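This is what each chain is made of:
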Amino acid sequence: MTTRLDLADIQGLVARGYSGLPHARFTLFAAGRPAAARTLLGLLLPQVTAAGPFTADTAMQVAFTAGGLRGLGLPDRVMDGFSLEFTEGMATPNRSRFLGDEEESGPDGWAWGGPHGPAIDGLILVYASRADRLDERQAELSPQLARAGARVVATLDTLERLDREPFGFRDGISQPLIQGLPKAAGAQPPVAAGEFVLGYPNGYGQLTDRPLLPRAEDPGQLLPPDQAGSGAADLGRNGSYLVLRQLDQDVGGFWRYLTEATRRPDGSDDLAARDLLAAKLVGRWPSGAPLVKAPDQDNPGLGQDNDFRYHDADPVGRACPLGAHIRRANPRDSLDPQPGTAASLKINSLHRLLRRGRAYGPAAGPGPTGLYFICLAANLARQFEFVQHSWLGDPNFNGLYDDTDPLTGYRHGRGATFTAPGRPVRRRYHGLPQFVRTRGGAYFFLPGLSALRYLAQLPGPGPSGPRTG
């Protein structure tokens, strides 16, 4: 079945990560009064970049929290069409335990998005080809925020986009190819568009739940019709959920641990063993070469290689350990049902994430180094939260005994264990410290452009529940 995406109505972040715009800045804002929120949205609307053909040297995207949508005037009966994860927010106690945001990563200590900080209504993402162009766009944005009476909660500066994440490994290689986007042409098989964009069939051939409203409440017919034929107006169509998390990375601690764990008996450093262990934790070499194809040493010629599976090539993980980060985040054909078959790949496709993160660090301002993790999904529970909890955070993932993700997994107050299968026996590394800590986070909705136009002209606030970030 051919899927035709309405690219003119989808925000551009769904179609591209803006690799050609290496400079970015993210602004978290609180809009205050509903009229102010709608005024701000009206000012931003002409600047929002769509997913169609793109040649500009800057781009802007706009997303809202559940509290921000309520503040714009959406009534509870419409808000109930959004997912529970989105409307409750990321920082509730139960969700924090589920996601592993505890102790040092707990929301009480977050720089933004936590339960005791200011409410966040929305997110503005600005991208530019040059640093001076980014500053120009941000300078234009500031008076627009002030004019609408909005307040900046946090400004998230990023490093110039390179092809490496802060630990030093090539990033962004394994991305799902989405049915209906030009990049997916010829991909066998691409991931269903409805896994990332609401209002289109998902991997089950169904339309994911989304906010609908009576046609009479859209007299200007700004919104597309419900494709299920209910006659309702579809506020969710062409939109996506956006996850934003600020993840501090202890780069020095990561490499110190690896150096200590691979010292020779005489106490000297074994840099080759250190680099191999680093690759085994990640699942790729720093160049990006996958361990499945380059098990013993880095091969930069394979740096962009994403054409591999696990079951036949490396079933027990002697090349790429079963608990390696990329094998958890994207198990490919290695899990039930029927590992090594199309059935396993099909299940895997139901848990994919479209990643759009950017790094930050001292070069972008004082403070630590890390990643503003951004991903897009149509089903927060089945995609982001499942991967975070059941693949990255599960100590028994793929038959393991007591190993969480070696990079991002929560340590439960003690060092983690990492198992590297080998001949004649496996090697277990103990005491892995917490290399990544959560410092902020929120769930957003990235509406389609028709939905943005509808939200900008809402007449006033409806009954609303508590605002959540």
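Residues numbered from 1 in each chain as written. Predicted model: local features only at pLDDT ≥ 70, side-chain atom pairs only at ≥ 80, totals over all residues. Heavy atoms only, no water.

Examining the overall build of the protein
To keep things clear, this is the line we draw: Put simply, DSSP marks the helices as runs of H or I at least four residues long and the strands as runs of E at least two long, and each gets a number from the N terminus on. Here the globule rule reads 2.2 Å times residues to the power 0.38, and the radius of gyration is calculated from C-alpha atoms. Note on contacts: a residue pair is in contact if any heavy atoms of the two residues lie within 4.5 Å. For the area figures, the Shrake-Rupley method with a 1.4 Å probe applies, and any residue is considered shielded solely by the protein chains shown. Neither His nor the chain ends contribute to the count of charged residues, in which Lys and Arg are positive and Asp and Glu negative. Lysine's charge is taken at NZ, arginine's at CZ, aspartate's at CG and glutamate's at CD.
Looking only at helices and strands, the protein features twelve helices and 13 strands. For a compact globule of 469 residues, the expected C-alpha radius of gyration is about 23 Å, and the protein comes in at 22 Å, within 12% of that figure. When the backbone C-alpha atoms are referred to their principal axes, the protein occupies close to 75 × 50 × 45 Å. Considering only contacts within the protein whose residues lie at least 6 apart along the sequence, 69% involve residues at least 24 apart. Counting every atom, the protein has about 19100 Å² of accessible surface; 52% of that belongs to carbon and sulfur. Averaging the positions of the 50 positive and the 48 negative side-chain charges in the protein gives two centres separated by 2 Å.

Topic: the nonpolar core
Defined as follows: We call a set of buried Ala, Val, Leu, Ile, Met, Phe, Trp, Tyr and Cys residues a nonpolar core when their side-chain atoms join them within 4.5 Å. Throughout this description, buried means an accessible area under 20% of the type-specific maximum (1.4 Å probe, protein chains only), exposed means over 50%, and partly exposed covers the range between.
One finds Leu69, Leu74, Phe82, Phe86, Leu235 and Phe254 to be the most contacted residues of the largest nonpolar core, which totals 90 residues. Here this core takes six residues from helix H12 (residues 449-456), the largest share from any one element. Here Leu235 is in contact with Leu74, Val78, Phe82, Pro211, Leu213, Leu223, Phe445, Ala451 and Tyr454, once residues within four sequence places are set aside. In terms of nonpolar packing, the next biggest core, distinct from the first, is built from 39 residues, Leu28, Val191, Leu244 and Tyr372 among them.

So, helix H10 (residues 342-349)
What counts is decided by this rule: By arc we mean the arc of the directions from the helix axis to the C-beta atoms, nothing more.
Among the residues making up H10, those that are buried are Ser344, Asn348 and Ser349. The buried residues of H10 occupy an angular sector of 140° when projected down its axis, which confines them to one face. If you follow the buried residues of H10, they end up packed against helix H11 (381-392).

Quick notes on the side chain of Asn202
The condition that has to hold: The definition of a polar contact used here is a pair of N or O atoms within 3.5 Å, where within protein one atom must be able to donate a hydrogen and the other to accept one, and adjacent residues in sequence count solely through side-chain atom pairs.
Turning to its location among the elements, Asn202 is positioned in the loop between strand S4 (151-157) and strand S5 (212-213). The buried category is assigned to Asn202, whose relative accessible area is 7%. Within the structure, Asn202 has its side chain in polar contact with the backbone nitrogen of Tyr204 (distance 2.9 Å). Contacts of Asn202, omitting those with residues within four sequence positions, involve Ala192, Gly194, Glu195, Thr208 and Arg382.

A look at the packing of aromatic side chains
Convention followed: Two rings from Phe, Tyr or Trp (for Trp, the six-membered ring) form a pair when their centres are within 6.5 Å of each other. A pair whose planes differ by under 30 degrees is stacked, one over 60 is edge-to-face, and the rest are tilted. We call a charge positioned over a ring when the NZ of a Lys or the CZ of an Arg lies within 6 Å of the ring centre and within 35 degrees of the ring normal.
Counting across every chain of the model gives 20 aromatic pairs. Between Tyr360 and Tyr372 the ring centres are 4.4 Å apart and the planes differ by 35°, which places this aromatic pair in the tilted class. Here the residue Tyr360 occupies a position in strand S9 (residues 358-360), and Tyr372 occupies one in strand S10 (residues 370-377), the gap between them amounting to twelve residues. Pair check on accessibility: Tyr360 and Tyr372 agree, each one buried. A ring pair is formed by Phe384 and Tyr443, whose centres lie 6.2 Å apart and whose planes are at 80°; its orientation type is edge-to-face. Of the two residues, Phe384 is situated in helix H11 and Tyr443 in strand S13 (residues 436-446); the sequence distance between them amounts to 59 residues. Exposure remark for Phe384: the relative accessible area of 2% places this residue in the buried category. Three or more aromatic residues joined by ring pairs form one cluster here, namely Tyr18, Phe26, Phe54, Tyr127, Tyr360 and Tyr372. Sitting over the ring of Tyr200, Arg237 keeps its end group 4.1 Å from the ring centre.

Quick look at the pairing of S13
Counted only if it meets this: Strand pairing follows a simple DSSP-based rule, namely that at least 2 bridges must link the two strands.
Counting buried positions along S13 yields ten of eleven residues, so the element is predominantly enclosed. Inspection of the sheet shows strand S7 (residues 240-249) paired to S13 by ten bridges, in the antiparallel sense. Pairing of Asp248 across the sheet is with Arg437, part of S13.

Focus on the packing of helix H1 (residues 34-44) against helix H6 (residues 131-147)
Threshold: The angle between two axes is taken between their N-to-C directions and runs from 0 to 180 degrees, where each axis is a line fitted to C-alpha atoms and a helix contributes only its stretch in contact. Note that the term roughly parallel is reserved for angles under 35 degrees, roughly antiparallel for angles over 145, roughly perpendicular for angles of 65 to 115, and oblique for everything else. The sense of a crossing depends on the near helix, which, turned anticlockwise from the far helix by less than a right angle, makes the crossing left-handed and, turned clockwise, makes it right-handed. Residue type decides the class: Asp, Glu, Lys and Arg count as charged, Ala, Val, Leu, Ile, Met, Phe, Trp, Tyr, Cys and Pro as nonpolar, and the leftover types, Gly among them, as polar.
Where H1 meets H6, the closest approach of the two axes is 9 Å, and the angle between their N-to-C directions is 150°. Classified by the angle between their axes, H1 and H6 sit roughly antiparallel to one another. Relative to H6, H1 is oriented so that their crossing is right-handed. Across the interface between the two elements, Leu40, Leu43 and Leu44 of H1 pack against Leu141, Gln144, Leu145 and Arg147 of H6. For the contact of H1 with H6, a count of residues per class yields five nonpolar, one polar and one charged.

As for the pairing of strand S1 (residues 23-30)
The element S1 is extensively covered by neighbouring structure, given that eight of its eight residues are classed as buried. Sheet analysis places S1 next to strand S3 (residues 122-128), joined by seven bridges and oriented antiparallel. Within S3, the residue paired with Phe26 across the bridge is Leu125.

Quick look at the confidence of the model for the protein
Reading fine detail from the predicted coordinates is not recommended where pLDDT is low. Short version of the rule: Confidence of the predictor at the level of single residues is captured by pLDDT, which takes values from 0 to 100.
Taken residue by residue, the protein gives an average pLDDT of 94. The fraction at 70 or more is 97%. For residues 462-468, every residue scores under 50 in pLDDT, and the model assigns this stretch 23 contacts once sequence neighbours within four places are set aside.

Comments concerning the pattern of salt bridges
Oppositely charged side chains can pair when the atoms bearing their charge come close. Basically, it comes down to this: By definition here, a salt bridge exists when the distance from a side-chain nitrogen of Lys or Arg to a carboxyl oxygen of Asp or Glu is within 4 Å.
Enumeration according to the criterion identifies 27 salt bridges in this entry. A salt bridge links Arg95 to Glu385, with the shortest nitrogen-to-oxygen separation between them at 2.7 Å. Taken as a pair, Arg95 in helix H5 (residues 93-99) and Glu385 in helix H11 lie far apart in primary sequence, 290 residues in all. Given a relative accessible area of 10%, Arg95 falls into the buried group.

What to know about unusual backbone geometry
The amide bond that connects Asp336 to the next residue, Pro337, takes the cis arrangement and shows omega of 5°. With respect to the helices, strands and loops of the structure, Pro337 is situated in the loop between helix H9 (325-329) and H10. With an omega of 0°, the peptide bond running from Arg423 to Pro424 counts as cis. By the element assignment, Pro424 lies in the loop between strand S11 (416-420) and strand S12 (427-432). The phi dihedral of Tyr18 is positive, around 60°, even though this residue is not glycine. The exposure class of Tyr18 is buried, given its relative accessible area of 2%. Phi at Arg332 is positive, roughly 60°, even though this residue is not glycine.

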